[in-house]
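Observations on the three-dimensional arrangement
The residues making up each chain are set out below.
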Number of protein chains: 2
Amino acid sequence: MKFLNQIAAIPLFSGLAERQLEDLAMIVVDQQIRRGQTIFHQGDEGTGFYVVASGKVKIYKLNPDGKEQILHIFGPGEPFAEVPVFAGQCFPASAEALEDSRLFFFPRPAFVNLIRLHPSLALNMLAVLSRRLRQLVSLVEDLSLKEAPARLAAYLLYQSHQQGAPVFELDILKGQLASLLGTSPETLSRILARLVREGFIESVGPRIRILDKSGLQELAAGVKRLS
Amino acid sequence: MKFLNQIAAIPLFSGLAERQLEDLAMIVVDQQIRRGQTIFHQGDEGTGFYVVASGKVKIYKLNPDGKEQILHIFGPGEPFAEVPVFAGQCFPASAEALEDSRLFFFPRPAFVNLIRLHPSLALNMLAVLSRRLRQLVSLVEDLSLKEAPARLAAYLLYQSHQQGAPVFELDILKGQLASLLGTSPETLSRILARLVREGFIESVGPRIRILDKSGLQELAAGVKRLS
DNA sequence: CGAGACGCTTGACTTACATCAAGGCAGGTT
DNA sequence: AACCTGCCTTGATGTAAGTCAAGCGTCTCG
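First, a word on what this report is: a plain description of the structure on this page. Remember, it's a predicted structure, so these values are computed and weren't measured experimentally.

Moving on, we come to the sheet that holds strand S9 (residues 167-169) of chain B. Residue and element names in this part refer to chain B. With antiparallel pairing, the 3 strands of this open sheet are ordered in space as S9-S11-S10. Either end of the sheet is taken by a strand with one partner, and the two such strands are S9 and strand S10 (201-204). Direction aside, neighbouring strands of the sheet carry axes that sit 20° apart on average. Both S9 and strand S11 (residues 207-210) contribute to a ladder of 3 bridges, which runs antiparallel. Within the sheet, the bridge partner assigned to Glu169 lies in S11 and is Arg207.

What follows covers the pattern of salt bridges. All names here are of chain A. Evaluation of the coordinates by the stated rule reveals 26 salt bridges over all chains. For Glu218, the salt bridge identified is with Lys224, shortest N-O distance 3.1 Å. A residue is classified by how much of its surface remains accessible, and Lys224, at 31% relative accessible area, is partly exposed. One continuous salt-bridge network, built from bridges that share partners, spans Lys56, Glu99 and Asp171.

So, about the pairing of strand S7 (residues 94-97) of chain A. On a regular strand, one side chain projects to one face of the sheet and the next to the other, so that they alternate. Residue and element names in this part refer to chain A. The alternating pattern of S7 places Ser94 and Glu96 and Ala95 and Ala97 on opposite faces, both of which are buried. As paired strands, strand S2 (residues 38-40) and S7 are joined by 2 bridges and run antiparallel to one another. Opposite Thr38, over in S7, you have Glu96 as the bridge partner. Bridge count for strand S4 (residues 57-62) against S7 is 4 bridges, and the pairing is antiparallel. Across the sheet, residue Ile59 finds its bridge partner in S7, namely Ala95.

On to the packing of helix H4 (residues 108-117) of chain A against helix H5 (residues 119-145) of chain B, then. It is at 8 Å that the axes of H4 of chain A and H5 of chain B come closest, and there the two elements cross at 130°. With respect to each other, H4 of chain A and H5 of chain B are oriented oblique. Of the two elements, H4 of chain A crosses H5 of chain B, and the hand of that crossing is right-handed. Here Val112, Ile115 and Arg116 of chain A of H4 of chain A lie close against H5 of chain B, whose contacting residues are Pro119, Leu123 and Leu126 of chain B. Looking at the contact of H4 of chain A with H5 of chain B, its residues break down into 5 nonpolar, no polar and 1 charged.

This part covers the relation of the copies chain A and chain B. For the match of chain A to chain B, the screw axis carries a shift of 0.0 Å, the RMSD comes to 0.0 Å, and the turn is 180°. One copy is carried onto the other by what is essentially a two-fold rotation axis. With an isologous cut-off of 70% or more, the 100% of interface residues of chain A that recur at the interface of chain B puts this contact in the isologous class.

Here we come to the environment of Ile10 of chain B. All names here are of chain B. Considering the arrangement of structural elements, one finds Ile10 in the loop between helix H1 (4-8) and helix H2 (18-27). Ile10 gets classed as buried once you look at its relative accessible area, which sits at 4%. A C-alpha to C-alpha distance of 9.3 Å links Ile10 and Val52, two positions 42 residues apart in sequence. Those residues within four positions of Ile10 in sequence are excluded, and the remaining contacts are Val51, Gly77 and Phe104.

Quick look at the protein's contact with DNA strand D now. In the vicinity of DNA strand D there are 17 residues, among which Ala148, Thr183, Thr187 and Arg190 of chain A together with Lys174 of chain B approach most closely. Taking all atoms of DNA strand D within 4 Å of the protein, the share assigned to sugar and phosphate is 57%. Contacts to DNA strand D include Ala148 of chain A, whose backbone N or O atom sits 2.7 Å from a phosphate oxygen. In the model, a sugar or linking oxygen of DNA strand D is placed 3.0 Å from a nitrogen or oxygen of the Ser189 of chain B side chain. The set of elements that each furnish at least two residues to the surface near DNA strand D consists of helix H6 (148-163) and helix H8 (185-197) of chain A together with helix H7 (174-181) and helix H8 (185-197) of chain B. The greatest single-element share of the surface near DNA strand D, amounting to 4 residues, is contributed by H8 of chain B.

Here we take up unusual backbone geometry. Its identity is not glycine, yet Ala81 of chain A carries a phi of approximately 65°, on the positive side. Along the chain, the position of Ala81 of chain A falls in the loop between strand S6 (79-80) and helix H3 (83-86).

Glancing now at the protein's contact with DNA strand C. Looking at DNA strand C, there are 17 residues lining it, with Lys174 of chain A together with Ala148, Thr183, Thr187 and Arg190 of chain B nearest. In the model, a phosphate oxygen of DNA strand C is placed 2.8 Å from a nitrogen or oxygen of the Lys174 of chain A main chain. In the model, a sugar or linking oxygen of DNA strand C is placed 3.0 Å from a nitrogen or oxygen of the Ser189 of chain A side chain. Elements with a minimum of two residues in the surface near DNA strand C: helix H7 (174-181) and H8 of chain A together with helix H6 (148-163) and H8 of chain B. Ranked by residue count, the leading element in the surface near DNA strand C is H8 of chain A, at 4 residues. Considered class by class, the residues forming the surface near DNA strand C number 4 nonpolar, 6 polar and 7 charged.

Each value, and the rule that gives it
Residues numbered from 1 in each chain as written. Chains lettered and ligands numbered in written order. Predicted model: local features only at pLDDT ≥ 70, side-chain atom pairs only at ≥ 80, totals over all residues. Heavy atoms only, no water. Pairing = 2+ DSSP bridges. Helix = DSSP H or I, 4+ residues; strand = E, 2+ residues; numbered from the N terminus. Axes fitted to C-alpha atoms, helices over the stretch in contact; angles between N-to-C directions. Salt bridge = Lys/Arg side-chain N within 4 Å of Asp/Glu carboxyl O. Buried < 20%, exposed > 50% of the residue type's maximum accessible area, 1.4 Å probe, protein only. Parallel < 35°, antiparallel > 145°, perpendicular 65-115°, else oblique. Left-handed = near helix turned anticlockwise from the far one by under 90°. Contact = heavy atoms within 4.5 Å. Nonpolar A, V, L, I, M, F, W, Y, C, P; charged D, E, K, R; others polar. Least-squares fit on C-alpha atoms with pLDDT ≥ 70 in both. Near = heavy atom within 4 Å. Polar contact = N/O pair within 3.5 Å; in protein donor to acceptor, adjacent residues only side chain to side chain.

Shown next as structure tokens:
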């Protein structure tokens, strides 16, 4: 059966029996998207949700002046746009591919039926939404209670942790990072320069080396500030 | 059985059979809280979730300087603190009673079992989390993409709509409203004064009268600004 | 090769909002 | 009545970060 292996590898579907995975494979729709292409706009009706098979997708909001705030960036294996499946039906935000991507689309009615039949699928989905909630709470906290340098420090530490090394490469463009951190490219550039000047990091292009991890942690927590 | 009627009236549990409501009533714990009292702190371990029976509760974050951001304010019938039930186990934020309140507490293990047995309970919970996600996305949008006057305008319109009249009373203290809108009491006070001066509203103490609904809507949408 | 286009950086300026400080007003207590 | 205390308002000042504008390296493509 088509895509069965790839579907089985999606964390959201972990713990499901072979039979249930086959049910999923029955309803899935495969979709190719080019970099820069819009997947949906906020306000569009949501007829199902997606899982990233390959590539990278951003979920974002725009204001009337054209300023953008990125809410999430999702990579392989991560589901997105589940909200309209369970509440209301329109998307609260827009989605666009940051790279050429392949998506699995699961139509709503069939998926809701599967959830009814399989409690472990429901619990997995509850866990996904709960983690998402946690992420968003943290974004609100960052935007409202921390300054831009603290947000950047937190992001750098997170990336370094994810990639498992004190030296790493930013995996998104700096302009996109600015939008994710809720600031402008100019401000991001200036803060990065200050972090270098004050010895917290080295930076060449997208390559970052963390020199003072505990200093960055203090910045990120908001207990210390740049001079 | 104790509390059965009140539990049956909670929207989260709508559509459940009598038998299932009785199961819930078996596991519920009743809890009285005084105004100002803390229910839990962020980082505490979450052993279950709550539903407000009466009173009012705020969910909030603090930064090291003591600045507060309110994430939600919940009233009768609304569940909160579900996140640690399904993902991780510690609370992402803190909770405090804004009024003397009565809470129903549902211990995690028993509740998770009920979810396994009753798919409609799972779907109800998914709907609750999805709506919560929508709310938080909207909060991020407000904080990052709108100015304080737009946030206040949106709040006033929402309250007016909720209470079903162009004249209404703020149901929380202005200081708390400032924290909910991500601003300071001083700034809130000034913006309110400007809204009055420019003829959008009348305001005496906590009493608000909306004079120019469409003007406020334009402010809230960010297409127009205060002069 | 030259010309764009794009992404990033840097400098000069502007601004929304926070902070600090003082005072007003209402409700409750002695 | 005098006096808190809590909440709100108003004024003066400070600042983080946005905006505008110019310039630079890199890559692509005619």
